[in-house]
Amino acid sequence: MGDEVKIDKQLFHTRLGHFVSAWKDPKKNEAYAGAGSVVVVLGKTAEGPYSKSLSLHFWLLGYEFPATLFLITPDKFYVVTTAKKAKHLEALSGGKVPVEFLIRGKDETENKKQFQQICDVIKKSGNKVGVLIKDQAQGPFAKAWKESYNPETLGVEEVDVSTAFSQVMSIKDEGELKIMRASSRALVGITKDYFIDEMSKIIDEEKKVSHESLSRKIEAKIDDEKFFKAKALKLGDDFDVTQLDWTVGPVIQSGGKYDLKQNAQSDENPLHAGIILASMGLRYKSYSSQIARTYLIDPTKSQEKYYSFLSDLQWRVLTELRDGAVCKDIYNKALQTIKQKHPELEKHFLKPIGFGIGIEARDGSLIIGPKSTRVLKDGMTLCVTIGLSDLENPKPQDSKSKNYSLLLTDTVRVTQGDPLVFTGGCPKDLKEAAFYFKDEEPEVKPKPEKKAARATAPKSTAVIMKSKLRGERKEVDDGAEQRRKEHQKELQVTMQARGLDRFSEGGAVGDGKGKRQIKRFESYKRENQLPLAVSDLKIVVDTKNQTIIVPIFGRPVPFHIATIKNASKTEEDDFTYLRINLLSPGQGVGRKDDLPFEDPNAHFLRSLTYRSTDNERIASICDSITDMKKNATKKEQERKEMEDVVTQDNLREMRNRRPQRLPDVFIRPGMDGKRLPGELEIHENGLRYQSLRQDQRVDVLFSNVKHLFFQPCAHELIVLIHVHLRDPIMIGKKKTKDVQFYREATDIQFDETGNRKRKYRYGDEEEFEQEQEERRRRAELDKEFKAFAEKISEAAKKIEAGVDVDVPYRELGFSGVPYRANVLCSPTTDALVSLTDMPFLVITLDEIEIAHLERVQFGLKNFDLVFVYKEYTKPVTHINSIPMELLENVKEWLDSSNIAYSEGPLNLNWPTIMKTVIQDPKQFFLDGGWSFLASDSDEEDGEDEEEESEFEASDFGEESDGSDSDESQFSDDNASADEGSEASDMESGDDWDEMEEEAERKDKRGGDEKEKPKKRKR
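Residues numbered from 1 in each chain as written. Predicted model: local features only at pLDDT ≥ 70, side-chain atom pairs only at ≥ 80, totals over all residues. Heavy atoms only, no water.

Colleague: Can you lay out the overall build of the protein chain for me, pointing to particular residues and giving the numbers?
Modeller: A count of helices and strands for the protein chain gives 24 helices and 37 strands. Here the protein chain, with 1018 residues, has 45% of them falling under the buried criterion. Surface exposure of the protein chain reaches about 56,400 Å², of which carbon and sulfur atoms provide 48%. (Helix = DSSP H or I, 4+ residues; strand = E, 2+ residues; numbered from the N terminus. Buried < 20%, exposed > 50% of the residue type's maximum accessible area, 1.4 Å probe, protein only. Areas by Shrake-Rupley, 256 points an atom, 1.4 Å probe, with all protein chains shown as cover.)

Colleague: Help me get a handle on unusual backbone geometry, residues and values and all.
Modeller: Cis peptide bonds are those with omega within 30 degrees of zero, and the linkage from R668 to P669 qualifies with 0 degrees. Mapped onto the secondary structure, P669 falls in the loop between β22 (660-668) and β23 (678-682). In the Ramachandran plot, E206 falls in the positive-phi region, its phi being about 55 degrees despite a non-glycine side chain. By the secondary structure assignment, E206 is in the loop between α8 (174-204) and α9 (211-219). We classify E206 as exposed; its relative accessible area is 66%. For L537, which is not glycine, the phi torsion reads 55 degrees and is therefore positive. Along the chain, L537 falls in the loop between α15 (478-502) and β16 (540-542).

Colleague: Tell me about the packing of aromatic side chains, and please be specific about residues and values.
Modeller: The final tally for this structure, using the stated rule, is 27 aromatic pairs. Seen from their ring centres, Y50 and F58 are 5.2 Å apart, and the 5 degrees between their planes marks the pair as stacked. Grouping residues by exposure puts Y50 and F58 together as buried. Among the aromatic residues, those joined into a ring-pair cluster are F503, Y872, F924, F925, W930 and F932. Above the plane of the ring of Y872 lies R502, whose end atom (NZ or CZ) is 5.1 Å from the centre. In this structure, R668 packs its charged tip against the face of Y742, placed 4.9 Å from the ring centre. (Phe/Tyr/Trp six-rings, centres within 6.5 Å; stacked < 30°, edge-to-face > 60°. Lys NZ or Arg CZ within 6 Å of the ring centre and 35° of its normal.)

Colleague: Explain the sheet that holds strand β30 (residues 814-816) to me, using residue names and the numbers behind them.
Modeller: The sheet built from 4 strands is open, its strands ordered β30-β31-β32-β33 with antiparallel pairing. Pairing within the sheet leaves two strands with one partner each, and these edge strands are β30 and β33 (841-844). Strand-to-strand twist in this sheet, taken as the mean axis angle between neighbours without regard to direction, amounts to 25 degrees. Note: strand β31 (residues 823-827) against strand β32 (residues 831-834), 2 bridges, orientation antiparallel. Counted as the bridge partner of P827 is L832 from β32. (Pairing = 2+ DSSP bridges. Axes fitted to C-alpha atoms, helices over the stretch in contact; angles between N-to-C directions.)

Colleague: Could you give an account of helix α7 (residues 162-170), naming the residues involved and the relevant values?
Modeller: Most of α7 is tucked away: 7 of the 9 residues are buried. S162, A164, F165, S166, V168, M169 and S170 are the residues of α7 that are buried.

Colleague: Hey, could you go over the pattern of salt bridges for me, with residue numbers and the actual values?
Modeller: The full count for this structure, using the stated rule, is 38 salt bridges. The partner of E716 in a salt bridge is R810, and the shortest N-O contact between them spans 2.8 Å. Of this pair, E716 sits in the loop between β26 (705-711) and β27 (718-731) while R810 sits in the loop between β29 (805-806) and β30, and the two are 94 residues apart along the sequence. You can call R810 partly exposed: its relative accessible area is 35%. Put simply, D204, R661, E679 and E681 are held in one network by salt bridges that share partners. (Salt bridge = Lys/Arg side-chain N within 4 Å of Asp/Glu carboxyl O.)

By themselves, these are just geometric observations and shouldn't be taken as functional.
What follows is the structure, encoded as structure tokens:
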């Protein structure tokens, strides 16, 4: 026994005082059976359950002292032990009950005298001595005591005082209860967060794993320190994993063979998908807890009924556990309930239904059974076990399912009212305990009609299909055009009123949240943290602290890298000059680098210049500063990039049934490494994509889903389910707000080799069959993905995070360039999307404030579409190069979606416009709001009619300015060139006839004139 042993003297005397006080109290000393003294002998350490003697050692001392004898009298406490052990026990002297030590040595004669002294005290104390009848001490020490102690010779009677010890030890103090709660939580964690996952995985994957193998795997889990440190277990930072030990099992039983006894063991039979019993018990810091659960795999109605009754019966028993209740009464009430509701179960009912638990894993003196007269007290801890054994299954699915048993065990604390269930964190309701792995196709419920918010959009299909050609745009109904203009005016008025109401308080958008914060940097807190090299008054680049230290007037001055703009070097004659430029207000460094300063009116240092003849050192310093600046800028960009990434809650896996799966799908954005297919699973609160590589998975919670799209493979190479998120997540090292699951629908995905029909069929017949087969495959893919998307929607609605499945209307789509490539942009009920190619485009219609059509003028082949969002801090979205023949179609769709739009001939500088709006939105709307967009286009139309030549000059000048701006991504040079050629053609066309007449006159008149010069030459 090491020197680290520390015995709590106060706790020892408090607990010994409880024992002696009850002994002396005539109302409580019935369990002492008139004993005048009590002898407790602990021999050598033995494996197995704790005996009452060993439990007494842990209860009084907190440690086990083998080969030690305790003699307790109402007035004194005697200890017979070795000198080494007595050294640890010396601290117990000086308490309310005196403690006397008798030290054993190697002298056998002296040792016998000590035992004789103990016998004399026993005889002197009375004619009855209390002993623990069931405890049989073993070893040389116990043998020597038996040789010296003979009750008949002493003339005393031995009486069993096990119940007396049980009464005082069964009522736990707060320290003991805290330890038992920790023990129970550890047990719940192993059962709920580990065993259930392992068990369901074995059943789901139909693996053959024996009960013993699974039991050993669970048994080894107590060595996993990381598992018990998880916050979900709520064990605290002071939880010591090294003090965990098993008291029961783990015992796993299934397949028709069940043993509900406390000492049952796992056998070598394989785990069977039927009724599975799991029992286990842990000891933490000498205090035990137990739990048992029954899991039902594809149960029958009869099994469900009996399990529900057993769960209800256990709850009834728990409500009877309170201070003052008699154990036999509790049992009899439970038996009476069975007789009333299910009399056929009486012969299967397990007895007893509970026992005391604490330092002893099973207190045999505290039993909840038909004959126990023990009275429960506040502070007692019990293990309540309700079971039904050897039940017959009327509808067995195989030979191993004919017989089954049910068992529920919990560790509880008795109180004045309802008990506290320490292991209640592991659920036992039928919906949590039943697992359904048989695939049952749910009934397909008719989908409710889409909400009418965007219902008018599909109605315009006929108009779009009839007006595809550029020349046919003139055939649009004038009445419809007028109605659209009136509707747009209403939308503009509504938008203006909403803006005035929204910003009636004034101030900037976002209450200053969008403003750039003033950053403060601290390179060193104390002077002694400066590098030692600064003592030489040289320029020092401190990469660790991101600082450059330069000498100024003989003192080292540090500059954080964030205050430095750049560094450069120049060589002149024998000197190399190093120039360090610092950031300061008014440098005109550009909009993106315009950092805020705490006091812009203060004096700032703009630059520092040093010269040296050591060219290599200056070059090295310049390179080091440049590299440090690059790294700092890169880190800052990465930090900004990750600012809006959220950490999702944990995915709650589907445990009571097999999750619905969509196999062989790929994910975009792709995972790291080789592209491999995976499975998409629907769980309780989200989706999980599991790649073939076990270390690659993506979880998407329903609460983070904003839009759910299904796009069929018609006219496409893939069929897909697309999830647009509210907040971005990380997939590998990529940040994304869009996650897509797809499967390719091309012929290359299907193996058509080895088809015998191919050798007999040729030409058109074979091609016709191939086309039919491809159409059938595509239809099946669409059906499979659409059904899975609807299942996702239904699962999300169960947790009140519902989102409807949205399908793009391809017939309403228009081609454009939202990023770099020309793609098809298709409206849906709630969004405008482009999902086939990356990067994806998803624009939520409800978030749009206004749409503006740019470059709408005669002679241009394309126009641009700009979406301005209600959240003004969000950058506008451009869709460029939309064919001009689709202009009316786009207007019709925008109007049908209740989106206000305007049009103009120019590309506008939107960053400048939005900056103005954000600075003072109230004044913006007081000045007319977005009406300036429509008024500009109206004024241009008027000028076009009255002053054509002026319009052309100003138009082309402004157009070129717009195309050269920073914000325009595409040039209109080709369009301008086309217009220029057309204009020149128009100018030449006005005098063409006159030019022909002039040429004819010259020909007639010039014949003779041409001859004369020739003659003169001769």
